[in-house]
Amino acid sequence: MKIGITCYPTYGGSGAVATELGIALAARGHHVHFITYQQPFRLPSFLPRVWFHEVDVGRYPLFEYPPYDLALAVRMHEVVRDHQLDILHCHYAIPHATSAWIARSMLREEGRDVKVVTTLHGTDITIVGQERSFFTITKFSIEKSHAVTAVSQYLREETYRAFGCTGCNVGVIPNFIDPVEFDRSRHVFPIPADVIAGRKVIMHISNFRPVKRVRDIVRTFALITREVPSVLVMVGDGPERVEAETEARELGVADAVLFLGKIDPIAPLLAGADLFLLTSDKESFGLSALEALASGVPVIGAHAGGLPEVVTDGVTGYLRPVGDVEGMAAAGVQLLSDPARWQAMSAAGAADARRRFSEDAIVAQYESLYERTLST
Ligand code: GMT
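In this report, the structure presented in the accompanying data block is examined. This structure is a prediction, so every number in the text was calculated from the model and none was measured.

The end-to-end C-alpha separation of helix α2 (residues 68-83) is 22 Å, in line with the 22 Å expected for 16 residues at 1.5 Å each. In this structure, the buried residues of α2 make contact with β1 (2-6), β2 (31-36), β3 (50-54), β4 (87-91) and α3 (96-109). Positive backbone phi, approximately 50 degrees, marks Gln-84, located one or two places after α2.

On to the site of the ligand. Ser-14, His-121, Thr-123, Asn-207 and Glu-283 are the nearest of the 18 residues found near the ligand. One nitrogen or oxygen atom from the main chain of Gly-13 is found 3.1 Å from an oxygen atom belonging to the ligand. A total of 490 Å² of accessible area belongs to the ligand in isolation, and the protein chains cover 96% of it. Assessed atom by atom at 2 Å from the grid points, the ligand resides in the largest pocket. It is helix α1 (residues 13-27) that provides the largest number of residues to the shell around the ligand, a total of three residues. Of the residues in the shell around the ligand, the class split is four nonpolar, eleven polar and three charged.

Tyr-154, Leu-155, Glu-158, Thr-159, Ala-162 and Phe-163 are the residues of helix α6 (residues 153-163) that are buried. Viewed end-on, α6 has its buried residues packed into an arc of 135 degrees, placing them on one side of the element. Each element contacted by the buried residues of α6 is listed here: β5 (115-120), α4 (123-126), α5 (132-144), β6 (147-150), β7 (170-172) and α12 (307-310). Trailing α6 by a residue or two, Gly-164 shows a phi angle of about 50 degrees, which is positive.

This paragraph deals with the packing of helix α11 (residues 287-294) against helix α14 (residues 339-357). Between two packed helices, both the angle of their axes relative to each other and the distance between the axes serve to describe the pair. Where α11 meets α14, the closest approach of the two axes is 7 Å, and the angle between their N-to-C directions is 120 degrees. In terms of axis orientation, α11 runs oblique to α14. Of α14, the residues touching α11 (which contributes Leu-290, Leu-293 and Ala-294) are Gly-349, Ala-350, Ala-353, Arg-354 and Phe-357. Of the residues assigned to the contact of α11 with α14, the class counts are six nonpolar, one polar and one charged.

What follows is about the layout of surface pockets. Approximately 1,100 Å³ is the volume attributed to the largest pocket. Together, 49 residues line the largest pocket, and Ser-14, Tyr-92, Thr-123, Asn-207 and Arg-209 are the ones closest to its centre. Ranked by residues supplied to the lining of the largest pocket, first place goes to α1 with four residues. Counted by class, the lining of the largest pocket contains 21 nonpolar, 17 polar and eleven charged residues. There is about 340 Å³ of room inside the second largest pocket. What lines the second largest pocket is a set of 18 residues, and nearest its centre among them are Glu-20, Ile-23, Arg-42, Asp-178 and Glu-181. Of all the secondary-structure elements, those providing two or more residues to the lining of the second largest pocket are α1 and α11. Here the lining of the second largest pocket gets four residues from one element, more than from any other, and that element is α1. Grouping the amino acids of the lining of the second largest pocket by side-chain chemistry returns eleven nonpolar, no polar and seven charged.

Moving on, we come to the packing of aromatic side chains. Following the criterion strictly, the structure yields eight aromatic pairs and no others. Aromatic pair Tyr-8 and Tyr-92: ring centres 5.3 Å apart, planes at 85 degrees, arrangement edge-to-face. Residue Tyr-8 is found in the loop between β1 and α1, and its partner Tyr-92 is found in the loop between β4 and α3; the two are separated by 84 residues along the sequence. Judged by relative accessible area, Tyr-8 falls into the partly exposed class, the value being 24%.

According to the stated counting rule, one finds 23 salt bridges in the structure shown. Residues Arg-112 and Glu-110 are paired through a salt bridge, measuring 4.0 Å at the closest nitrogen-oxygen approach. With its nearest N and O atoms 2.8 Å apart, the salt bridge here joins Arg-213 to Asp-216. Assessed through its relative accessible area of 28%, Arg-213 is described here as partly exposed.

Turning next to the environment of Ser-145. Looking at the element boundaries, Ser-145 is found in the loop between α5 and β6. On the basis of relative accessibility, which here comes to 10%, the residue Ser-145 falls in the buried class. Between the C-alpha atoms of Ser-145 and Gly-236, which are 91 residues apart in sequence, the distance is 32 Å. The contact partners of Ser-145, leaving out residues within four places of it in the chain, are Ala-97, Val-116 and Thr-118.

A separate point is the side chain of His-96. Residue position: His-96 is located in helix α3. Here Tyr-92 takes part through its backbone oxygen, which lies 3.2 Å from a polar atom of the side chain of His-96. Among all residues touching His-96, those that are not within four sequence positions of it are Thr-6, Cys-7, Tyr-8, Leu-72, Met-76, Cys-90 and His-91.

Let's shift gears to the nonpolar core. When a protein is soluble and globular, its nonpolar side chains tend to lie buried together. With 47 residues, the main nonpolar core has Met-203, Ile-205, Val-235, Leu-270, Phe-276 and Val-311 as its most contacted residues. Of the residues forming this core, the biggest block, five residues, is contributed by α11. The contact partners of Met-203, leaving out residues within four places of it in the chain, are Phe-189, Leu-232, Val-233, Val-235, Leu-269, Leu-270, Ala-273, Leu-275, Phe-276 and Leu-277. Membership of the second largest hydrophobic core comes to 31 residues, among which are Val-214, Ala-248, Ala-302 and Val-333.

Reading the values: rules and limits
- Residues numbered from 1 in each chain as written.
- Predicted model: local features only at pLDDT ≥ 70, side-chain atom pairs only at ≥ 80, totals over all residues.
- Heavy atoms only, no water.
- Helix = DSSP H or I, 4+ residues; strand = E, 2+ residues; numbered from the N terminus.
- Expected span 1.5 Å × (residues − 1).
- Contact = heavy atoms within 4.5 Å.
- Near = heavy atom within 4 Å.
- Polar contact = N/O pair within 3.5 Å; in protein donor to acceptor, adjacent residues only side chain to side chain.
- Areas by Shrake-Rupley, 256 points an atom, 1.4 Å probe, with all protein chains shown as cover.
- 1 Å grid on protein atoms, 1.4 Å probe; cavity = no way out; pocket = protein on both sides within 12 Å on 5 of 7 lines; lining within 4 Å.
- Sits in = over half its atoms within 2 Å of the grid points.
- Nonpolar A, V, L, I, M, F, W, Y, C, P; charged D, E, K, R; others polar.
- Buried < 20%, exposed > 50% of the residue type's maximum accessible area, 1.4 Å probe, protein only.
- Arc of directions from axis to C-beta.
- Axes fitted to C-alpha atoms, helices over the stretch in contact; angles between N-to-C directions.
- Parallel < 35°, antiparallel > 145°, perpendicular 65-115°, else oblique.
- Points joined across faces, edges and corners; volume = space filled by probe spheres on them.
- Phe/Tyr/Trp six-rings, centres within 6.5 Å; stacked < 30°, edge-to-face > 60°.
- Salt bridge = Lys/Arg side-chain N within 4 Å of Asp/Glu carboxyl O.
- Core = buried A, V, L, I, M, F, W, Y, C linked by side-chain atoms within 4.5 Å.

Pasting the structure below:
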């Protein structure tokens, strides 16, 4: 098949999933065309059967807000036409599914057809899509897609609840990991031993948006390190980074917190972690938590959204109510103080991630969805 993929190319879960999916599809012989405004962060410079088409947003002094969605629609139209694409797969509804609908309408005027598949990732439904300015166009774009998937059961139910969708048929295809890439034994932890100085390594990876509650990460860490000396490794960057730095200073733990910025690949980092924290108040899935589990890192997090579909409380990690930093810290101290228990949980996480979320099985679900969509 010839598949166009549009995603946000920046550091974040939806872009990571979209890119890994495209790479896996190309490895299976499909032609994959990424259409977005910059090379996706997980896409290496060259891969067979993979193309990248940059969307150029024309700037003009009249435009206070350059119309990216229109420029994207034009590029989608061109790429479908010039490369005879069968499918446009949009990751994150806004504005991608809307641009795809415009491109498809233009193509139909020319007697061509392309099928639109939209994958909902999280805040496109739970936050952004709920805003008054975006609500109706989000609902419309979902309903006009030929097929719609959500990355968790939670997100599927949220989509029906929030949009009262009668015209949409949302299936669930969860996120996935490459079991080889996230094999802990394959990597060398890049942080020097003298920096860690025999302490436990606690890690968080995200785009530091408010929804991640990164101050809770620092607070939880500050309580854990009192009992079990630890280092907090913060990977990623975003609007709440300064808040997290300030919190670390105020709690007197700044010297033990490393902010590494937007590092990728993350598998070598996860290979040296003892605990992964994810304290978000909304999380449709929690891809970074899955990547941690696959690397044998137990996850402690908030019982929010779709995270319980990824982390099995008491088996592969511990989930506590949103904001319960004391509860999360207590679980962390208990786990880090009990090597046998840590070992069992680490092994259970690595096995469960491979059993339920292995790349081959999940990519096959997307392939069969494309085939079904093309046959309608
Ligand atoms: O950061 C992104 O790329 C998108 C982001 C979001 O805010 O929607 O992440 C979502 O998509 C990921 C991949 O499917 C999920 O693992 C995250 O749980 C989800 N984030 C939220 O729901 C907050």
